[in-house]
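# Remarks on the overall topology
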Amino acid sequence: LSLILFHEIEQHSENTFFPIRRILFRTVSLSLFFTPLLITSPIAYFWSGFEELWWRWMLWMVQRSGPTFIKLGQWASTRRDIFSKSFCDKMSVLHIKTTSRPWNLSQHALDHLFGDSRWKEFVVSVEADAIGSGCIAEVYKGVLDVHAFEEITGIHLPFAKERYLDIAIKTAKDGVRECIDIDLSIMQCAARLMEMFMPRLSYVNPVSSLNQFRKVLELQVDLRNEARALKVSFFIFFLTPVNIETFPDKKRFCDNFDLEKTRVRFPEVVCYSSDVIMETYEKGLYINKLITDEQLVMQQNY
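To start, this report covers the structure provided alongside it. Small disclaimer: the values here were computed from a predicted structure and weren't measured. (Residues numbered from 1 in each chain as written. Predicted model: local features only at pLDDT ≥ 70, side-chain atom pairs only at ≥ 80, totals over all residues. Heavy atoms only, no water.)

Glancing now at the overall build of the chain. Of regular secondary structure, the chain possesses 12 helices and 8 strands. Burial analysis of the chain (302 residues in total) assigns 41% to the buried set. Put simply, 64% of the contacts in the chain that link residues at least 6 apart link residues at least 24 apart. By element, 58% of the accessible surface of the chain is carried by carbon and sulfur atoms, the whole surface being about 17,800 Å². (Helix = DSSP H or I, 4+ residues; strand = E, 2+ residues; numbered from the N terminus. Buried < 20%, exposed > 50% of the residue type's maximum accessible area, 1.4 Å probe, protein only. Contact = heavy atoms within 4.5 Å. Areas by Shrake-Rupley, 256 points an atom, 1.4 Å probe, with all protein chains shown as cover.)

In this section: the environment of histidine 95. Positionally, histidine 95 belongs in the loop between helix 5 (85-91) and helix 6 (108-114). For the pair histidine 95 and serine 77, spaced 18 residues apart in the sequence, the C-alpha separation amounts to 8.7 Å.

This structure, assessed with the given rule, holds 9 salt bridges. For arginine 26, the salt bridge identified is with aspartate 183, shortest N-O distance 2.7 Å. Here arginine 26, found in helix 2 (residues 20-46), pairs with aspartate 183, found in helix 8 (residues 176-197); they are 157 residues apart in sequence, far enough to count as distant. The burial state of arginine 26 is the same as that of aspartate 183; both residues are buried. A salt bridge links arginine 101 to glutamate 138, with the nearest nitrogen and oxygen atoms 3.4 Å apart. (Salt bridge = Lys/Arg side-chain N within 4 Å of Asp/Glu carboxyl O.)

Before going further, it helps to examine the nonpolar core. With 33 residues, the main nonpolar core has Phe34, Trp54, Met58, Val62, Met91, Ile136 and Leu184 as its most contacted residues. Among residues more than four places away in sequence, those in contact with leucine 184 are Thr68, Leu210, Phe213, Arg214 and Leu217. Core analysis: the next-biggest nonpolar cluster, separate from the first, contains 25 residues, Phe122, Val123, Leu157 and Ile167 among them. (Core = buried A, V, L, I, M, F, W, Y, C linked by side-chain atoms within 4.5 Å.)

Okay, the packing of helix 4 (residues 67-77) against helix 9 (residues 206-221) next. Running from N to C, helix 4 and helix 9 cross one another at 105°; their axes reach a closest spacing of 12 Å. Taken together, the axes of helix 4 and helix 9 lie roughly perpendicular to each other. For the pair formed by helix 4 and helix 9, the contact residues are Thr68, Lys71 and Leu72 on the first element and Phe213, Leu217 and Gln220 on the second. Looking at the contact of helix 4 with helix 9 residue by residue, the class counts come to 3 nonpolar, 2 polar and 1 charged. (Axes fitted to C-alpha atoms, helices over the stretch in contact; angles between N-to-C directions. Parallel < 35°, antiparallel > 145°, perpendicular 65-115°, else oblique. Nonpolar A, V, L, I, M, F, W, Y, C, P; charged D, E, K, R; others polar.)

Further remarks concern the pairing of strand 4 (residues 164-172). For strand 4, the buried fraction is high: 7 of the 9 residues fall into the buried class. Taken together, the 9 bridges between strand 3 (residues 137-145) and strand 4 define a ladder with antiparallel strand orientation. Residue aspartate 145 lies in a different strand from strand 4, and its bridge partner there is tyrosine 164. Where strand 4 and strand 8 (residues 276-280) come together, 5 bridges link them in antiparallel fashion. In the sheet register, isoleucine 169 faces strand 8, and the bridge partner there is methionine 278. (Pairing = 2+ DSSP bridges.)

This part takes up helix 8. Over its 22 residues, helix 8 extends 32 Å from the first C-alpha to the last, a length consistent with the 32 Å expected when each residue adds 1.5 Å. Looking only at helix 8, the buried set comprises Val176, Ile180, Asp181, Ile182, Asp183, Leu184, Ser185, Ile186, Met187, Gln188, Cys189 and Ala191. (Expected span 1.5 Å × (residues − 1).)

To continue, consider the packing of aromatic side chains. Scanning the entire structure with this criterion turns up 9 aromatic pairs. Each ring, one from tryptophan 103 and one from tryptophan 119, has its centre 6.0 Å from the other, and the planes form 85°; the classification is edge-to-face. Here tryptophan 119 lies in the loop between helix 6 and strand 1 (123-126) and tryptophan 103 lies in the loop between helix 5 and helix 6, a separation of 16 residues in the sequence. You'll find tryptophan 103 and tryptophan 119 in the same group, each marked buried. Considering the side-chain rings of phenylalanine 122 and phenylalanine 149, the 5.1 Å spacing of their centres and the 85° angle between planes classify their relative orientation as edge-to-face. Placement of phenylalanine 122 in the loop between helix 6 and strand 1 and of phenylalanine 149 in helix 7 (residues 146-153) is noted, with a sequence separation of 27 residues between them. A relative accessible area of 0% means that phenylalanine 149 is categorised as buried. Chaining the aromatic ring pairs together yields one cluster made of Trp54, Trp55 and Phe87. Over the face of the ring belonging to tyrosine 281 we find lysine 141, whose NZ or CZ atom lies 4.3 Å from the ring centre. (Phe/Tyr/Trp six-rings, centres within 6.5 Å; stacked < 30°, edge-to-face > 60°. Lys NZ or Arg CZ within 6 Å of the ring centre and 35° of its normal.)

Moving on to helix 10 (residues 223-230). Looking only at helix 10, the buried set comprises Leu223, Ala227 and Leu230. Taken down its axis, helix 10 places every buried residue within 65° of arc, on the same side. (Arc of directions from axis to C-beta.)

Turning next to the packing of helix 4 against helix 8. A pair of packed helices is characterised by two quantities: the angle between their axes and the separation of those axes. Two elements in contact, helix 4 and helix 8, have axes whose closest approach is 8 Å; the angle formed by their N-to-C orientations is 75°. Classed by the angle they form, the pair helix 4 and helix 8 counts as roughly perpendicular. Along the contact surface, helix 4 presents Pro67, Thr68, Phe69 and Leu72, while helix 8 presents Val176, Cys179, Ile180, Asp183, Leu184 and Met187. The residue makeup of the contact of helix 4 with helix 8, split by class, is 8 nonpolar, 1 polar and 1 charged.

Structure, rendered in structure tokens:
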């Protein structure tokens, strides 16, 4: 089993060396996490008094099992065509509330982005607690001194109309890539073993599904992909720890929405790297608030 897991990681990870004992430890940890939940699930199903406690326990376990399981929970919460309304409502908390760190443990991301701590000269303040936390990154609200930022970095922000700008700082969680590699390799190994004992499962092709899921996560882990989809319409200055580069514009995702008709607006990117995005702060709703059961029924009937 360990050799199969190691082979899976070698195929998909940039860092191909993970100690076998770490893989085994992760496998045992996940088993200890979820086996009690599976054993007690019939009790929760037949005893309503235990059901609420079981769900809290399950969400607590998912939140502490790492980004892969949180992302699976987030995906499941949006599939009201597959899962019950009660299930989706309970899992939707994973879109807005997962385990998070205080800002002082995440601010090193800006040190890497700017190459040193000079960002403290133009980031006036940052709230200590994250305003949002997902499976891959955490978001903090802060205030940017636009004049100081433009003077120090040489980056012009044409969308900034006032000196002080509310910003959101999105930082990737430490070790998230490595954790995803290990977890998905364990899942793929389990899927292969299940196919060996249940050949008919190959019609569903769970290994291929996990490969697709891996590709999606790999794109999301690199925050540059998100930033490039939001970048300003002419040129954006891309800040790296060593230099500043310019990239020609491509059509933005937000160009698909007419602000006057849809009232949908997107953040303007200030600067970014693979591990952090600094962008304007915009109030919004998480996705489950945009999809109701009535709308889903109408879409299905249509």
